[in-house]
Amino acid sequence: MNPSMRRIGRSEALIARAQQRLPAGVNSPVRAFRAVGGVPLFIREGRGAVITDVDGNRYIDYVCSWGPLILGHAHPAVVAAVQQAAARGTTYGAPHEGEILLAERVAERMPAMQMMRFVSSGTEATMSALRLARGVTGRSKIVKFDGCYHGHADALLARAGSGVATFGLPDSAGVPSEMTAHTLVAPHNDLEAVRRIFETSGEQIAAIIVEPVAGNMGVVPPAPGFLEGLREIATAHGALLIFDEVITGFRVGPGGATERYGVTPDLICIGKIVGGGLPAAAYGGRRDLMEHVAPLGPVYQAGTLSGNPLAMAAGLATLDQLTPAAYDRLEERSAALERGLLDAARSVGVPMQLNRVGSMLSFFFTDRPVTNTAIAATADRARYARLFHGLLDRGVYLAPSALEAAFVSTEHSEEQIAATVEAFGAALADAVRAEGG
Ligand code: PMP
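Residues numbered from 1 in each chain as written. Predicted model: local features only at pLDDT ≥ 70, side-chain atom pairs only at ≥ 80, totals over all residues. Heavy atoms only, no water.

Peer 1: Teacher, can you tell me more about the confidence of the model for the protein chain here?
Peer 2: Mean pLDDT for the protein chain: 95, with 97% of residues reaching 70 or above. Every residue in residues 160-165 scores below 50 in pLDDT, and together they form 11 contacts with partners more than four places removed in sequence or on other chains. (pLDDT = per-residue confidence, 0-100. Contact = heavy atoms within 4.5 Å.)

And the structure:
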């Protein structure tokens, strides 16, 4: 596309109107484009790997609604399942068979999810899993990792000071420090730091919660032995290990990161793909633990729309499409994208790291391998912002923030991957030229 041809007048008008009623015009902060500047695009429709904005511009989409759309937009099987479910009523607030079907399907793929409870967002899943861990162990403290995002529950809105593990300080106004006083934060991929925390506080720690493949500092795979080490430490101290697989569940393989890395946590949180693009998430794991959840046990947790029939239908339809062949295709397309982007950066002469696990990947403009959030933060984000806009002009939609994952769907074709690589090379060359001038 000729960059000068792109019109954004309708998105501009809509964001101005939206700002009158919605903070920054959006319902989730990153959508406001503050990290890259410019006008957030209002999307009119999505189909396969392509989204179309209200001005009629088309983009190959690598946000995919931040992960749920592993089948791309408006997959016919998902649309049909949702339509059929909707015709039978959109919510009952009572049990229905769809919940069992989806739970059974999840357990087939993730045997560690012996029993689960459906909720409506990843935030609810992690918040509830922590309540359960505390309820079961009778302990208060939790360990999380710097740069891992687990949703916006108060206790989890804490990261680290630098270097050594610290008591978490709240990241957000409105979170009293008491709410994060029990949150201990360790540098990601640093087992020694975790060991030190357990040496001093082991008996008070209910759980370790981790993104087994980090996706919220850009994509950062677990260091060799990291997940195994967490498992050992948790077991040795009677704490629970919780994998937050809200992104990785069904993404990095049929059984998520749990299967891919062969480490079994006590509890798992899933979201995104399990709802097939509708609001659903779940927490689950060992049956003896889940039996503490109300009304079987004393750990209270509930939800008006939990197990929503439309979301269950969409999740089920999505998992049905995720065959071994679908994962092979995802891997092949994602690997081609990885190779293409690395080659393009090399030919422009730009140092770039690319981390990929299956169909989630991130690139960082730095010459250091990115193994944690501190290193990720050293990447050149201004360059990312310029590249981002250059790619929009060429019909490619990346996340409007440097430290996010790009997601490939089963619907991204070889041609679209090739077009993306070409656009990337041209946009990166432009971005670098702009820096020189
Ligand atoms: N955990 C992880 C790993 C996430 O990436 C997210 C959201 N991106 C959440 C939890 C929270 O999920 P939700 O936005 O559905 O509340």
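Peer 1: What exactly am I supposed to notice about the site of the ligand here?
Peer 2: Near the ligand, the surroundings consist of Ser121, Gly122, Thr123, Tyr149, His150, Gly151, Glu211, Asn216, Asp244, Val246, Ile247 and Lys272. A distance of 2.8 Å is found between an oxygen atom of the ligand and a backbone nitrogen or oxygen belonging to Gly122. Notes on the ligand: free accessible area 390 Å², of which the protein chains cover 80%. (Near = heavy atom within 4 Å. Polar contact = N/O pair within 3.5 Å; in protein donor to acceptor, adjacent residues only side chain to side chain. Areas by Shrake-Rupley, 256 points an atom, 1.4 Å probe, with all protein chains shown as cover.)

Peer 1: Would you mind going over the packing of helix α2 (residues 76-87) against helix α10 (residues 309-321) with me for this structure?
Peer 2: Helix-helix packing: each pair is described by the crossing angle between the helix axes and the interaxial distance. Relative orientation of the contacting elements α2 and α10 amounts to 155°, with a least axis distance of 8 Å. The angle between α2 and α10 places the two elements in the roughly antiparallel class. You can see that α2 and α10 cross each other, and the crossing is right-handed. Only Pro309, Leu310, Ala313, Ala314, Ala317, Thr318 and Gln321 of α10 make contact with α2, whose side of the interface consists of Ala77, Val78, Ala81, Val82, Ala85 and Ala86. (Axes fitted to C-alpha atoms, helices over the stretch in contact; angles between N-to-C directions. Helix = DSSP H or I, 4+ residues; strand = E, 2+ residues; numbered from the N terminus. Parallel < 35°, antiparallel > 145°, perpendicular 65-115°, else oblique. Left-handed = near helix turned anticlockwise from the far one by under 90°.)

Peer 1: Looking at this model, I keep getting lost on the environment of Thr235. Mind explaining?
Peer 2: Topologically, Thr235 is positioned in helix α7 (residues 226-237). Linking Thr235 and Asp266, residues 31 residues apart in sequence, is a C-alpha distance of 9.7 Å.

Peer 1: Even after reading the chapter, I still don't get the sheet that holds strand β14 (residues 396-397), so can you show me in this structure?
Peer 2: Sheet strands associate in pairs through backbone hydrogen bonding, adopting either a parallel or an antiparallel arrangement. Strand order in the open sheet formed by four strands is β1-β2-β3-β14, and the pairing between neighbours is mixed. This sheet does not close on itself; its edge strands, each paired only once, are β1 (43-47) and β14. Where β1 lies against strand β2 (residues 50-53), four bridges are found, and the strand directions are antiparallel. Across the sheet, residue Glu45 finds its bridge partner in β2, namely Thr52. (Pairing = 2+ DSSP bridges.)

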